[in-house]
Amino acid sequence: MEDARLTVRIDAHDAPLLGHGKIRLLEAIGASGSISGAARTMGMSYRRAWLLVEAMNAAFAEPVVATRPGGGGGAELSPAGIEVLRLYREIEERAAQAALPALRELATRLAPR
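Rules used in this analysis
Residues numbered from 1 in each chain as written. Predicted model: local features only at pLDDT ≥ 70, side-chain atom pairs only at ≥ 80, totals over all residues. Heavy atoms only, no water. Helix = DSSP H or I, 4+ residues; strand = E, 2+ residues; numbered from the N terminus. Buried < 20%, exposed > 50% of the residue type's maximum accessible area, 1.4 Å probe, protein only. Contact = heavy atoms within 4.5 Å. Areas by Shrake-Rupley, 256 points an atom, 1.4 Å probe, with all protein chains shown as cover. Lys, Arg positive; Asp, Glu negative; His and termini not counted. Charge placed at Lys NZ, Arg CZ, Asp CG, Glu CD. Salt bridge = Lys/Arg side-chain N within 4 Å of Asp/Glu carboxyl O. Phe/Tyr/Trp six-rings, centres within 6.5 Å; stacked < 30°, edge-to-face > 60°.

## Some details on the overall build of the protein chain
In terms of regular secondary structure, the protein chain is built from 4 helices and 4 strands. Of the regular secondary structure in the protein chain, the N- to C-terminal order runs β-β-α-α-α-β-β-α. For the protein chain, the spread of C-alpha atoms along the three principal axes comes to 55 × 30 × 25 Å. Residue burial in the protein chain is summarised as follows: out of 113 residues, 30% are buried. In the protein chain, once contacts between residues fewer than 6 apart in sequence are set aside, the share between residues at least 24 apart is 49%. Taken as a whole, the protein chain presents about 7500 Å² of accessible surface, with 55% of it coming from carbon and sulfur. The distance from the centre of the 14 positive side-chain charges to the centre of the 13 negative ones in the protein chain is 6 Å.

## Quick look at the side chain of Ser-78
Looking at where Ser-78 falls in the secondary structure, it is placed in the loop between strand 4 (75-77) and helix 4 (79-107). We classify Ser-78 as buried; its relative accessible area is 10%. Not counting residues within four places of it along the chain, the set of residues in contact with Ser-78 comprises Pro-63, Val-64, Val-65 and Ala-66.

## Things to note about the pattern of salt bridges
In the structure shown here, the tally under the stated rule is 8 salt bridges. For Asp-11, the salt bridge identified is with Arg-9, shortest N-O distance 2.8 Å. Asp-11 gets classed as partly exposed once you look at its relative accessible area, which sits at 42%. If you follow the salt bridges from partner to partner, you end up with Glu-83, Arg-86, Glu-90 and Arg-94 in one network.

## Description of the packing of aromatic side chains
Within the structure shown, the criterion is met by 1 aromatic pair. Note on Tyr-46 and Trp-50: the rings are 6.5 Å apart at their centroids and 15 degrees apart in plane angle, and the pair reads as stacked. Here the residue Tyr-46 and the residue Trp-50 both occupy positions in helix 3 (residues 46-59), the gap between them amounting to 4 residues, near one helical turn. With a relative accessible area of 46%, Tyr-46 lands in the partly exposed category.

Written as structure tokens, this is what we have:
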């Protein structure tokens, strides 16, 4: 069923905490080993990616992304970041499974493209 899908956004302290964009950024950082590489992959500016990482790091008790300063620099997901990513994907999967019957029904009511 490609016509209707569920996306998950998690809010905390009355503000957006995690959604599919931030999660994709974390995954891209994990794959590329850098914030700039992840930003390029996602077609966003380095500044935007850095601000999102900064916001996520500030929102959690432990940073989700660890940066390596210096010439080669780079970044990686911290153990806390790996766990946040895992938990988000678990929440997403459980929510998608729970919503599947209603999403199928909703999709039957969509106008054709």
